[in-house]
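Results of the structural survey
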Amino acid sequence: MTRKVFCRKYQQELDGLSNPPFPGARGQDIFDNVSKKAWDEWQAHQTMLINEKQLSMMDQESRKYLQSEMEKFLSGEDFDKAEGYVPPSE
């Protein structure tokens, strides 16, 4: 049986994550308040931002930027898009 959470991003009850995405209070907050759907979408968007903006995870400023964008994305606020990205045609 899947665990349900009231998703902060989608404002509805959806399937939750099976475990916190990382340790600490922030990971627990995501586990308790973000759906698996929203987290999976963030993971894909984060990868796109890293690639399109050529971010280095060794750079502290890049990590801070991604943390900030993650908070915006998961809260349903306006977040950065990858400039010039064209989604594949179906």
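Everything below is about the structure shown above.
Residues numbered from 1 in each chain as written. Predicted model: local features only at pLDDT ≥ 70, side-chain atom pairs only at ≥ 80, totals over all residues. Heavy atoms only, no water.

**Here we look at helix α3 (residues 60-75)**
Under the 1.5 Å per step criterion, the end-to-end length of α3 is 23 Å for 16 residues, consistent within 8% with the ideal 22 Å. Of the residues making up α3, those classed as buried are Ser 62, Leu 66, Glu 69, Met 70, Phe 73 and Leu 74. One face of α3 carries all of its buried residues, which in axial projection span an arc of 120 degrees. Those residues of α3 that are buried are in contact with α1 (24-33) and α2 (36-52). (Helix = DSSP H or I, 4+ residues; strand = E, 2+ residues; numbered from the N terminus. Expected span 1.5 Å × (residues − 1). Buried < 20%, exposed > 50% of the residue type's maximum accessible area, 1.4 Å probe, protein only. Arc of directions from axis to C-beta. Contact = heavy atoms within 4.5 Å.)

**Things to note about the packing of aromatic side chains**
Inspection of the entire model under this criterion finds three aromatic pairs. A centroid spacing of 4.8 Å and a plane angle of 65 degrees characterise the contact between Phe 73 and Phe 79, whose relative ring orientation is edge-to-face. On the basis of relative accessibility, which here comes to 5%, the residue Phe 73 falls in the buried class. Within the aromatic cluster, the residues linked to one another by ring pairs are Trp 42, Phe 73 and Phe 79. The ring of Tyr 10 has Lys 9 sitting right over it, with the charged end atom 5.8 Å from the ring centre. One cation-aromatic arrangement involves Lys 9 over Phe 73; the distance from NZ or CZ to the ring centre is 4.1 Å. (Phe/Tyr/Trp six-rings, centres within 6.5 Å; stacked < 30°, edge-to-face > 60°. Lys NZ or Arg CZ within 6 Å of the ring centre and 35° of its normal.)

**What about the environment of Met 48?**
Mapped onto the elements of the fold, Met 48 is located in helix α2. Judged by relative accessible area, which is 21%, Met 48 ranks as partly exposed. With 43 residues separating them in the primary sequence, Met 48 and Val 5 have C-alpha atoms 26 Å apart.

**Let's talk about the pairing of strand β2 (residues 12-15)**
With four bridges joining them, strand β1 (residues 4-7) and β2 adopt antiparallel strand pairing. Residue pairing for β2: Cys 7 is matched across the bridge by Gln 12. (Pairing = 2+ DSSP bridges.)

**Digging into the environment of Met 70**
Tracing the backbone shows Met 70 in helix α3. Judged by relative accessible area, Met 70 falls into the buried class, the value being 3%. Considered as a pair, Met 70 and Asp 80 are ten residues apart in the sequence and their alpha carbons are 9.8 Å apart. Not counting the four nearest positions on each side in its chain, Met 70 is found in contact with Phe 22, Arg 26, Ile 30, Trp 39 and Trp 42.

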